[in-house]
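# Examining the three-dimensional arrangement
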Protein chains: 2
Amino acid sequence: MEQDILYHLALGSGSHDLVEMFSEIRFVCMGGTPKRMEQFANFIMDEIGYKLPAGTTLLDISYRSYRYSMYKVGPVLCFSHGMGIPSVGILLHEVIKLMYHAKCKDPIFFRLGTCGGIGIEGGNLVISESAVDGMLQPFLELPVLGKLKRRPAILDKQLANDLKNLHMDDDPFSVSVGKTMCTYDFYEGQGRLDGAFCDYNEADKLSFLKKVHDANILNMEMESLCFAALCYHAGIKAAVVCVTLLNRLHGDQVSTPKETLNKWQEYPQILVARYIKKQLGLPINIPQREHPQVVKNPKHAQMVRQESASFE
Amino acid sequence: MEQDILYHLALGSGSHDLVEMFSEIRFVCMGGTPKRMEQFANFIMDEIGYKLPAGTTLLDISYRSYRYSMYKVGPVLCFSHGMGIPSVGILLHEVIKLMYHAKCKDPIFFRLGTCGGIGIEGGNLVISESAVDGMLQPFLELPVLGKLKRRPAILDKQLANDLKNLHMDDDPFSVSVGKTMCTYDFYEGQGRLDGAFCDYNEADKLSFLKKVHDANILNMEMESLCFAALCYHAGIKAAVVCVTLLNRLHGDQVSTPKETLNKWQEYPQILVARYIKKQLGLPINIPQREHPQVVKNPKHAQMVRQESASFE
């Protein structure tokens, strides 16, 4: 076609010089909210020592779209993807096209998210090795021209392990690698009892969560299935790093104070920043001064198998 | 439970007096982006002649959530719902709970959206009578505790017709009532050829769109299935009013200038505002002065059957 309009990014191959703007990108980082990804953009800027020209500040490149936010920090591109598979799916299609138009070489994609832990207390990290849907199927099932298409939801094992190995002894969080359940609904889809509707009881829910836990699923969220499937289909090295906001074996509601939740949401950023720094040949073991911004989680390092004793 | 935390709205039954804040709500209006819904909030404020106390302005009540935006204008509550079924689903669960906690009486829900027309040119309105998924199934299929649950995606026929009857002869848009296809993906899910991947050709696509058109489906978007199904399940009177951004029988890309698209996005607001004014006993036929903000669409009033002649 003559030009490609990346409608939801408010960019186009005809209206923008995408090679000049984006060819240096090596890392694409995405997470749910614009606010969190703006914070990450500023955080990674300090971490990799990237300096903006005097008199400039970061701009949300996609602000005209009112859909996603996008910040560029040297070789790192940061996006908000909204909530759920359709929202992250639209973004991925357009970002993959953007990488193609910009002639980027082997960019690595990260999702930095939040999730419910299954047997893991709030404030700890889960790196997904693969994703399953609400029926425990390991693929994204998508109607295309009226026929169901299946795409395996596999993530890069080496990348997952490399990330896990960047955990440090004095981190206030634990890091686990395992399977992730990705659902199309937050309430009934994740077996919560506190949605607007619910026609099952506590016992039904716990029996479902036990089944999920027995399948070695460590967490539940709402984007990884599509993120894994589209990246795998495109041959993109990709990882999903999520912080748990609660242990679903103990409840449904997210009742932790906002300030603590905000601190927890920095944990995936800390781990991914270490990986990016290592790839860029920067030292990663300098004690952080201005950006520790981590709170000690009294319940951290509660490992899965210990937490799930009541089920066994 | 002791209190109900509406996590994605940044509200709670313990932390807020929801009855005091929301009991007067009679109309709940939602659409994709925060920007558009803020515009709608200001538009409906003028339309119904609602006055804010001196020295005050509208506040995004959910700004602390960084997920959705929420504006209250007297009896009208306005939300952004993001993109896709999961995003609108989370919002609906929490808004339905909010209406319950606030003891609202029979609120009517509207989705004011954008869509691709099937045989309808850009800049015209489609009111959904029901929704189907990408397999043309007329229900929302949702895994709950590992089992597939089906909820019929039916909208209120009377409300759809009442809205249609508010169309005026000199409106720059046509209004049609029909079925809507709701998909989980914007590119392959809607048979586009311009996504990051595509393993079918123009002929396959047109054959699919013809099948869709033959099933009396007038448009495609990404939220109506869940919106219809959850409202119907909750016994809430609901309508989906979308403006077409293009005629999918003629292309995939949204290439209309931004200014025109912005004008078109006001058309659903104009129709819904008339309905709200009528319900509130206000006159609806006053020529609009400060808020006409409508552009004459040269292609308006191209009706479905005419446009689809090439298929018959």
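Residues numbered from 1 in each chain as written. Chains lettered and ligands numbered in written order. Predicted model: local features only at pLDDT ≥ 70, side-chain atom pairs only at ≥ 80, totals over all residues. Heavy atoms only, no water.

### Here's the deal with the UniProt feature "domain: Nucleoside phosphorylase" (unreviewed entry) in chain A
For clarity, the threshold we go by: UniProt positions are given in the numbering used here, feature names are shortened, and annotations may be inferred rather than shown by experiment. A run of H or I in DSSP becomes a helix once it reaches four residues, and a run of E becomes a strand once it reaches two; helices and strands are each numbered from the N terminus.
Residues annotated in UniProt with the feature "domain: Nucleoside phosphorylase" (unreviewed entry) correspond here to residues 27-277 of chain A. End-to-end, the C-alpha atoms of residues 27-277 of chain A are 11 Å apart, and along that stretch the chain is 32% helix and 27% strand.

### With respect to helix α2 (residues 34-47) of chain A
Residue and element names in this part refer to chain A. The condition that has to hold: The span you would expect from a helix comes to 1.5 Å times its residue count less one. The cut-offs for exposure are 20% and 50% of the maximum accessible area for each residue type, with area from a 1.4 Å probe on protein chains only; residues under the lower value are buried, those over the upper are exposed, and the others partly exposed. Between two residues, a contact is recorded if the distance between any of their heavy atoms is within 4.5 Å.
Here α2 contains 14 residues, and its C-alpha end-to-end distance of 20 Å stays within 8% of the 20 Å for a straight helix at 1.5 Å per residue. Looking only at α2, the buried set comprises R36, M37, F40, A41, F43, I44, M45 and E47. Structurally, α2 contributes buried residues whose contacts are with β3 (27-31), β4 (70-73), β5 (76-80), β6 (108-117) and α8 (267-279).

### Concerning helix α8 (residues 267-279) of chain B
Residues spaced three or four apart along an α-helix face the same direction, because each turn holds 3.6 residues. All names here are of chain B. Here α8 spans 19 Å end to end across 13 residues, near enough to the 18 Å set by a 1.5 Å rise per residue. For α8, the buried fraction is high: 11 of the 13 residues fall into the buried class. Listed as buried for α8 are Y267, P268, Q269, I270, L271, V272, A273, R274, Y275, I276 and K277.

### Considerations on the packing of aromatic side chains
Each aromatic ring pair is described using two quantities: the centre-to-centre distance and the angle formed by the ring planes. Put simply, the rule is: Pairing of aromatic side chains requires ring centres within 6.5 Å, counting the rings of Phe and Tyr and the six-membered ring of Trp. Pairs whose planes differ by under 30 degrees are stacked, by over 60 edge-to-face, and all others tilted. Placement of a positive charge over a ring is assigned whenever Lys NZ or Arg CZ falls within 6 Å of the ring centre and within 35 degrees of the normal to the ring plane.
Tallied over the full model, the rule gives seven aromatic pairs over all chains. Aromatic pair F173(A) and Y267(A): ring centres 4.8 Å apart, planes at 35°, arrangement tilted. On the criterion of sequence distance, the pair formed by F173(A) in the loop between α4 (157-164) and β10 (175-182) and Y267(A) in helix α8 is long-range, its members being 94 residues apart. A relative accessible area of 1% places F173(A) in the buried class. Where Y184(A) meets Y184(B), the ring centres are 4.9 Å apart and the plane angle is 65°; that geometry is what we call edge-to-face. Of the two residues, Y184(A) is situated in the loop between β10 and α5 (202-214) and Y184(B) in the loop between β10 (175-182) and α5 (202-214); the pairing between them involves two chains. For the residue pair Y184(A) and Y184(B), the accessibility class agrees, reading buried in each case. Here R192(A) stacks its cationic end above the ring of F186(A), 3.8 Å away from the centre of that ring.

### A word on the packing of helix α3 (residues 85-101) of chain A against helix α6 (residues 224-234) of chain A
Residue and element names in this part refer to chain A. Where we set the bar: Only the contacting stretch of a helix is used when fitting its axis, a line to C-alpha atoms as for every element, and angles between N-to-C directions run 0 to 180 degrees. Note on terminology: angles under 35 degrees are roughly parallel, angles over 145 are roughly antiparallel, angles of 65 to 115 are roughly perpendicular, and the others are oblique. Left-handed describes a crossing whose near helix is turned anticlockwise from the far helix through less than a right angle; right-handed describes the clockwise counterpart. Nonpolar residues are Ala, Val, Leu, Ile, Met, Phe, Trp, Tyr, Cys and Pro. Charged residues are Asp, Glu, Lys and Arg, and all others, Gly as well, are polar.
Here α3 crosses α6 at 25°, and the two axes come no closer than 9 Å. Judged by the angle between their axes, α3 and α6 are roughly parallel. Of the two possible hands of crossing, α3 and α6 adopt the one that is right-handed. Across from I85, V88, G89, L92, H93 and I96 in α3, the residues of α6 making contact are L225, C226, F227, L230, C231 and A234. Of the residues contributing to the contact of α3 with α6, the split by class is 10 nonpolar, two polar and no charged.

### Side note on the pattern of salt bridges
All names here are of chain A. Defined as follows: Any carboxyl oxygen of Asp or Glu that lies within 4 Å of a side-chain nitrogen of Lys or Arg is treated as forming a salt bridge with it.
One pass over the full model with this rule turns up 24 salt bridges over all chains. When the shortest N-O distance is used, the salt bridge between E24 and K72 registers 2.6 Å. Within this pair, whereas E24 is found in the loop between α1 (18-22) and β3, its partner K72 is found in strand β4, the two being separated by 48 residues in sequence. Each of R111, E221 and E223 takes part in one network of salt bridges that share partners.

### Some details on the environment of G89(B)
Residues and elements named next belong to chain B. Looking at the element boundaries, G89 is found in helix α3 (residues 85-101). Residues G89 and G134, spaced 45 residues apart in sequence, show a C-alpha to C-alpha distance of 17 Å. Residues within four places of G89 in sequence aside, it is in contact with C226 and L230.

### Regarding the pairing of strand β11 (residues 217-221) of chain B
Residue and element names in this part refer to chain B. What counts here: When DSSP finds two or more bridges between a pair of strands, those strands are recorded as paired.
The element β11 is largely enclosed, with a buried count of five among its five residues. Of the strand pairs in this sheet, β10 and β11 are connected by four bridges, and their pairing is parallel. Its bridge partner being in β11, T180 is matched across the sheet by N219.

### Topic: the nonpolar core
This is how the line gets drawn: Nonpolar cores were defined as sets of buried Ala, Val, Leu, Ile, Met, Phe, Trp, Tyr and Cys residues, with membership established by side-chain atoms within 4.5 Å.
Formed by 109 residues in total, the largest nonpolar core has its most connected members in F109(A) and F109(B). Counting 43 residues, the second-largest nonpolar core is a separate cluster that includes C29(A), L246(A), L271(A) and I284(A).

### Some points on the relation of the copies chain B and chain A
How we decide: Here the copies are superposed with least squares, the fitted atoms being C-alpha atoms of residues at a pLDDT of at least 70 in both.
Between the two copies, chain B and chain A, the superposition gives an RMSD of 0.0 Å; the rotation angle is 180° and the shift along the axis is 0.0 Å. One copy is carried onto the other by what is essentially a two-fold rotation axis. The overlap is high: 100% of the interface residues of chain B also sit at the interface in chain A, so the same surface is used on both sides.

### Focus on the UniProt feature "binding site: phosphate" (unreviewed entry) in chain A
The condition that has to hold: Think of a 1 Å grid over just the protein atoms. A cavity is a set of points where a 1.4 Å probe fits yet cannot get out, a pocket is an open set with protein on both sides within 12 Å along at least five of seven lines, and lining residues have an atom within 4 Å of a point.
Mapped onto this numbering, the UniProt entry gives "binding site: phosphate" (unreviewed entry) at R67(A), R111(A), L112(A), G113(A) and T114(A). As for the lining of the largest pocket, the annotated residues named previously contribute R67(A). One can find L112(A) in strand β6. In this view, L112(A) contacts C29(A), M30(A), G31(A), G32(A), R36(A), M37(A), F40(A), V241(A), P268(A), Q269(A) and V272(A); residues no more than four positions away in its chain are not counted. Secondary-structure assignment places T114(A) in strand β6. With a relative accessible area of 16%, T114(A) lands in the buried category. Every residue in contact with T114(A), bar those within four places of it in the chain, is listed here: R36(A), E221(A), C242(A), V243(A), L245(A), Q265(A) and R67(B).

### With respect to the interface of chain B and chain A
Quick reminder of the rule: Throughout, buried area stands for the accessible area (probe radius 1.4 Å) lost by two parts on being put together, summed over both. Polar contacts, as used here, are pairs of N or O atoms within 3.5 Å; protein pairs need one atom able to donate a hydrogen and one able to accept it. Residues neighboring in sequence count only if both atoms are side-chain atoms.
Facing the 65 residues of chain B at the interface are 65 residues of chain A. Roughly 5,900 Å² is buried in total at the junction of chain B and chain A, and carbon and sulfur atoms are behind 65% of that figure. Contact with chain A buries surface across chain B, with M83(B), L145(B) and F197(B) losing the most and accounting together for 14% of the total. Taken together, chain B and chain A are joined by four salt bridges. With a shortest N-O distance of 2.6 Å, R151(B) and E188(A) are connected by a salt bridge. The tally of links from chain B across to chain A stands at 16 residue pairs in polar contact (both at pLDDT 80 or more).

### Side note on unusual backbone geometry
Its identity as a non-glycine residue notwithstanding, Y66(B) has a phi of 55°, on the positive side. Note that Y66(B) resides in the loop between α2 (34-47) and β4 (70-73).

### Description of the layout of surface pockets
Spelled out, the test is: Grid points are joined across faces, edges and corners, and a volume is the space filled by probe spheres set on the points.
Empty space within the largest pocket amounts to approximately 740 Å³. In terms of lining, the largest pocket is formed by 33 residues, of which the most central are P34(A), Y66(A), R67(A), P34(B) and R67(B). A breakdown of the residues in the lining of the largest pocket according to their chemical character gives 12 nonpolar, 13 polar and eight charged. Around the second largest pocket, the lining comprises 21 residues; the ones closest to its centre are E141(A), L148(A), Y184(A), E141(B) and L148(B). Elements supplying a minimum of two residues to the lining of the second largest pocket: β8 (139-144) of chain A together with β8 (139-144) of chain B. Among the elements that line the lining of the second largest pocket, the one with the most residues is β8(A), at five residues. Classifying every residue of the lining of the second largest pocket gives 14 nonpolar, three polar and four charged.

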